[in-house]
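# A look at the structure
The chain contents come next:
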Amino acid sequence: MVNNQSRREQRQAEAQREKEKLREKQRRGEGIGWGGKTLREQLAMLEDKTEATDHYAGLSDLSMKDDDPIRYEQLYSRLRGDLVTARETSKEVSATPIVEQEGELCYGLFTPEGDSIAVSTGIIVHVHTMSEAIKFMINHDYEDNPGIEPGDIFVNNDPHVGDVHPCDLMTLIPIFHDGELVAWAGGVNHVIDTGAIGPGSMNVSQASRFGDGAYYTARKIGEDFELYNSWRKEYPAKTRTPNFLKLDERTRVTGCLMIRDSVKNLIDQVGIETFKQLSREAIENGRRGFRTRIKRTMFPGTYRGASFVDALYEDQENVTREYANENHIMHAPSELHVREDGTFQVSFEGANKWGWHPYNCTPAAIQGGIWVMLTQTVIPNELVNDGAYYACDFHLPVGSWANTQNTETAHAYAWHFLVSAWAPLWQHLSRGYYARGFWEEINAGNANTSNWLQGGGIDQFDKLHAVNSFESACEGVGARYVEDGEPHAAAIWNPEGDMGDAEVWEMTEPLPFLGRAVKPNTGGAGRRAGGAGFESMRTVKDVSRWLLYEMGNGYMTSDGGLFGGYPAASGYILNAQIQTSRNGSRTRRTTHSTILILKAAISNPKSTAKSIGGRRASARPKNSPTTTCT
């Protein structure tokens, strides 16, 4: 306790010294960027140099890497290792299995302009979402108001600024040296409840963002590494699970401070100019590495595909607006244009319009989603940063579900469309691998994570509570060209996904397990079968005013097989309610037994040559029914 107190006081003293240097620069009319520039000036200069030279920040030569490659790798590995250490250490602060068991947490180190230098393991979708949030603050003059100073703490969960959906809360802390902003530390985790119209992190009954829960748009929430008292009061009051969210925030702040300390120590040892050069070269090296790998593994040309997924709302009681009482079919026609120089464009031209449902996406969500896929395909290594972002571009039609440009749209479960939309892209890459002879890299695609279990009410401890089971983070993996897919092993949005221990889920959810089992013969049929899914049976116990609902795909399986392989089996959910008698009187007691197949596929593999089976379990006959337990 004494050590923690002294470390906090030391950080605050450092922040005060940095502020004094910052004030001196401001009195001279200088900004907080490098060389006295404002952040907007620094960002504009970087973008101009990058566009003019086709090299990040105009770096045509990687002098540090070329002159002393061993030292370069040592320094970069140290940065990346510190990020991983921050994640593995700080996640033990969290009390939710979503973070502590399943690992829904990620950290990044960013340049002053907001480009990621390195990222930890975990939910790598946020390689770029945090970048967008930082750039939003720069482009909206946060340097002037509310100010960006040493010791400040910012939070964001607004998808239109930089996020996938509101339940991914991010914390951002600026890192200063001698009055200059030299980097940002950022952390994101998936929280258990956002205060939406329904309990759980990804409610699906709302028609607009006004049912999504609390939005915090790139908001300053603390100074001198201390949270504002107003924020401490407001934030927990907007959720059904205040204690869990408080610990989640401590998790993110802890990790960001660890990263800050690591960067400060590195600068003290190697000097600020070396750190600046390293941060620039790391991104340019990432850009070059990505393009080199694309040229090696893909033939130039256009790869086309499409996927569909349904969202069923007609005649459902939980629809909050009459005009939302309709069914939808999401259409994601995708084209991957691979250029000869190793860059590519992802196009969703032809995607259908946004809808009155929470499955809409923003460009930040789409861009973030591609990093999750690329880190499991093209760049499955530690060299993941925004360099790859500068090697590709996106065509997202305005007004479509992929780029709503409408701040009224809901985004709570953006992954419903996002996961399905990426299915053809796995196959685009695999066809390129096949043509180039990289058969071991071929993958029919990861599972469409479906059959989510959520709810809330008064729990077994007589407290207001919400639940969001993340067992679906452990889906089957698509078949490879050389072998069957791995069963119940990962999720497309978290390569390190884990279903979590049943005993730990039961500590936070009043849903005791009646059983868990692998669901055999559910991999898509083909010469190689997709990985099998699993099922869970649970019951509701000792609750009141309890609302339980499930969500996932409806009648459609959104992912087909590759090279003639068959799609995976559709998932299913069964609900059973029973009546019991107590003390001689008829008392209605509801027991909710839910059988969830999380990632399944079809059986009876075929022996057809070059046929690869699809993967995963899709979902359920209806998208989000509600069950009330009393």
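Please refer to the structure higher up on the page.
Here the structure is a predicted model, which means the values were calculated and not measured.

Bringing the overall build of the protein chain into the picture now. A count of helices and strands for the protein chain gives 14 helices and 21 strands. A burial count over the protein chain gives 62% of its 630 residues as buried. Counting contacts in the protein chain only where the partners sit at least 6 residues apart, residues at least 24 apart contribute 75% of the total. Accessible surface, the protein chain: about 22,900 Å² in total, of which carbon and sulfur atoms supply 48%.

Further remarks concern empty space enclosed by the protein. Enumeration according to the criterion identifies 3 cavities of 30 Å³ or more in this entry. Its volume calculated, the largest cavity comes out at about 90 Å³. In terms of lining, the largest cavity is formed by Glu 104, Ile 123, Val 125, His 126, His 165, Asp 168, His 190, Met 202, Trp 415, Trp 452, Phe 470 and Trp 493. Of the residues contributing to the lining of the largest cavity, the split by class is 7 nonpolar, 3 polar and 2 charged. Both domains that meet at the lining of the largest cavity, namely domain 1 (2-285) and domain 2 (443-630), each give it at least three residues. Estimates place the volume of the second largest cavity at around 60 Å³. Lining the second largest cavity, in full, are Asn 157, Pro 166, Leu 169, Val 191, Asp 193, Thr 194, Ala 214, Tyr 216, Tyr 235, Lys 238, Thr 239 and Leu 245. Residue classes in the lining of the second largest cavity are distributed as 7 nonpolar, 3 polar and 2 charged.

Looking now at the pairing of strand 6 (residues 219-223). Pairing analysis gives 3 bridges linking strand 3 (residues 153-156) to strand 6, with the strands arranged antiparallel. From the neighbouring strand, Ile 153 faces strand 6, where its bridge partner is Gly 222. When strand 6 meets strand 7 (residues 226-227), the two strands line up antiparallel, connected through 2 bridges. Counted as the bridge partner of Gly 222 is Leu 227 from strand 7. Counting the residues between successive antiparallel strands, the hairpin from strand 6 to strand 7 contains 2 residues, one of them, Asp 224, with a positive phi of roughly 55°.

Enumeration over the complete set of coordinates arrives at 33 salt bridges. With a closest N to O distance of 2.8 Å, Glu 14 and Arg 260 form a salt bridge. Residue Glu 14 is found in helix 1 (residues 2-27), and its partner Arg 260 is found in helix 10 (residues 242-270); the two are separated by 246 residues along the sequence. Arg 260 sits in the buried class, given a relative accessible area of 5%. Across the salt bridge formed by Glu 234 and Arg 219, the nearest N and O atoms sit 2.6 Å from each other. Of this pair, Glu 234 sits in helix 9 (residues 229-237) while Arg 219 sits in strand 6, and the two are 15 residues apart along the sequence.

Quick look at the sheet that holds strand 9 (residues 328-338) now. Taken in spatial order, the 4 strands make up an open sheet running 8-9-10-11, and their pairing is mixed. With partners counted over all chains shown, the strands left at the sheet margins are strand 8 (301-311) and strand 11 (392-395), one partner each. The sheet shows a mean angle of 15° between the axes of neighbouring strands, direction not considered. Summarising the sheet, strand 9 and strand 10 (residues 344-347) pair through 4 bridges and their orientation is antiparallel. Residue pairing across strands places Glu 335 opposite Ser 347, the latter belonging to strand 10. Sheet strands touched by helix 12 (residues 363-374): strand 10 and strand 11. Its angle to strand 11, the strand with the most contacts, is close to 130°.

Moving on to the side chain of Asp 152. Looking at the element boundaries, Asp 152 is found in the loop between helix 7 (143-147) and strand 3. Looking at Asp 152, its side chain comes within polar contact range of the main-chain nitrogen of Glu 149, at 2.7 Å. A polar contact is formed between the side chain of Asp 152 and the side chain of Lys 220, at a distance of 2.9 Å. Those residues in contact with Asp 152, other than ones at most four positions away along the chain, are Gly 147, Leu 172, Ile 173, Pro 174, Lys 220, Gly 222, Glu 223 and Asp 224.

Inspection of the secondary structure puts Asp 310 in strand 8. The class for Asp 310 is buried, based on a relative accessible area of 4%.

Where helix 9 is concerned, the buried positions are Trp 231, Tyr 235 and Pro 236. Looking down the long axis of helix 9, one finds its buried residues gathered within 105° of arc, a one-sided arrangement. Among the exposed residues of helix 9, those oriented more than 90 degrees off its buried face are Asn 229, Ser 230, Lys 233 and Ala 237. Those residues of helix 9 that are buried lie in contact with strand 3, strand 4 (168-177), strand 6, strand 7 and helix 10.

Attention now goes to the packing of aromatic side chains. This structure, assessed with the given rule, holds 26 aromatic pairs. Considering the side-chain rings of Phe 136 and Tyr 142, the 6.2 Å spacing of their centres and the 70° angle between planes classify their relative orientation as edge-to-face. For the pair Trp 401 and Phe 417, a centre-to-centre distance of 5.6 Å together with 80° between the ring planes defines the contact as edge-to-face. Of this pair, Trp 401 sits in the loop between strand 11 and helix 13 (415-436) while Phe 417 sits in helix 13, and the two are 16 residues apart along the sequence. Members of the aromatic cluster, joined through ring pairs, are Tyr 313, Phe 348, Tyr 359, Trp 401, Tyr 413, Phe 417, Trp 422, Trp 452, Phe 470 and Trp 493. Here the basic side chain of Arg 209 rests over the ring of Tyr 215, its NZ or CZ set 4.0 Å away from the ring centre. Just above the ring of Phe 299 sits the side chain of Arg 436; from NZ or CZ to the centre is 4.1 Å.

The rules behind each value
- Residues numbered from 1 in each chain as written.
- Predicted model: local features only at pLDDT ≥ 70, side-chain atom pairs only at ≥ 80, totals over all residues.
- Heavy atoms only, no water.
- Helix = DSSP H or I, 4+ residues; strand = E, 2+ residues; numbered from the N terminus.
- Buried < 20%, exposed > 50% of the residue type's maximum accessible area, 1.4 Å probe, protein only.
- Contact = heavy atoms within 4.5 Å.
- Areas by Shrake-Rupley, 256 points an atom, 1.4 Å probe, with all protein chains shown as cover.
- 1 Å grid on protein atoms, 1.4 Å probe; cavity = no way out; pocket = protein on both sides within 12 Å on 5 of 7 lines; lining within 4 Å.
- Points joined across faces, edges and corners; volume = space filled by probe spheres on them.
- Nonpolar A, V, L, I, M, F, W, Y, C, P; charged D, E, K, R; others polar.
- Domains from an automatic or database assignment.
- Pairing = 2+ DSSP bridges.
- Salt bridge = Lys/Arg side-chain N within 4 Å of Asp/Glu carboxyl O.
- Axes fitted to C-alpha atoms, helices over the stretch in contact; angles between N-to-C directions.
- Polar contact = N/O pair within 3.5 Å; in protein donor to acceptor, adjacent residues only side chain to side chain.
- Arc of directions from axis to C-beta.
- Phe/Tyr/Trp six-rings, centres within 6.5 Å; stacked < 30°, edge-to-face > 60°.
- Lys NZ or Arg CZ within 6 Å of the ring centre and 35° of its normal.

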